[in-house]
Amino acid sequence: MALRTILTLPDPRLRQKCAPVAEIDASIHALLDDMLETMYAAPGIGLAAIQIAVPKRILVLDVAKREDENAAPEPLCIINPEILWVSEELSIYQEGCLSIPDFYEDVERPARVRTRFTGRDGRAQEIEANGLLATCLQHEIDHLNGVLFIDHLSRLKRDRITRKFAKTAKHGSPSPKKGASKEQAAADG
Ligand code: GNR
Ligand code: NI
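Calculation notes
Residues numbered from 1 in each chain as written. Chains lettered and ligands numbered in written order. Predicted model: local features only at pLDDT ≥ 70, side-chain atom pairs only at ≥ 80, totals over all residues. Heavy atoms only, no water. Salt bridge = Lys/Arg side-chain N within 4 Å of Asp/Glu carboxyl O. Helix = DSSP H or I, 4+ residues; strand = E, 2+ residues; numbered from the N terminus. Buried < 20%, exposed > 50% of the residue type's maximum accessible area, 1.4 Å probe, protein only. Core = buried A, V, L, I, M, F, W, Y, C linked by side-chain atoms within 4.5 Å. Contact = heavy atoms within 4.5 Å.

Below, the discussion takes up the pattern of salt bridges. Going through the model one piece at a time under the given rule, you end up with 11 salt bridges. Here Asp33 ties to Arg120 by a salt bridge, and the two come within 3.0 Å at their closest N and O atoms. Separated by 87 residues along the polypeptide, Asp33 in helix α1 (residues 26–41) and Arg120 in the loop between β6 (113–118) and β7 (124–129) bring together distant segments of the chain. We classify Asp33 as partly exposed; its relative accessible area is 25%. Linked through salt bridges whose partners overlap, the residues forming this network are Glu89, Arg112, Arg114 and Glu128.

This is the structure we're talking about:
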């Protein structure tokens, strides 16, 4: 098992569409173990493979601790998920994302979802989720399609947070571009 580095905004890999898994072999089991270790260490309640730079349709989740701090771990390993049904009823949760550190905002999504996926053991499963699990499942499945929770916010909020992370990345980069144009400086705020 190994801790993996989590990609953060504005890494373009977070915007790619991930490929289905053809075969669940030992390398996929090792990846799932690394994802769970990385998620629990963060700590987070979900993690998509692309967040550790693996562009496959794989995610791990565990909302048990968030809902009851004394609960035993309930890791879920989800491969090639498909959303079969979403409720008309919506619910709002304050979301965060390990790839967008220290930013939290309310997001409205379907309150319940039915999902089909392949489990760690290679068998097809279906679950109907509600509450935090339903929200987290949708957040993670979005990652597989290059979608981030900020895409569900107003353009004003999304642009503000996108600019903030772009600026931080630029300042932190070892060889910043010289002679940025006035237009660029203005866009940077
Ligand atoms: O740890 C996480 N918490 C969370 C809270 C509300 C809605 C979604 C999430 S997922 C997030 C971890 C993460 O970034 N998964 O992709
Ligand atoms: Ni996320």
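Okay, the nonpolar core next. Counting 18 residues, the largest nonpolar core has Leu59, Leu61, Val63, Ile78, Ala129 and Leu137 as the members making the most contacts within it. Only β2 (58–61), β6 and α3 (131–144) provide two or more residues apiece to this core. The leading source of residues in this core is α3, at 7 residues. Setting aside residues up to four positions removed in sequence, Leu59 forms contacts with Met35, Leu47, Ala48, Leu76, Cys77, Ile78, Pro81, Leu137, Glu140, Ile141 and Leu144. Counting residues in hydrophobic clusters, the runner-up holds 15 residues, among them Val21, Ala49, Val54 and Ile79.

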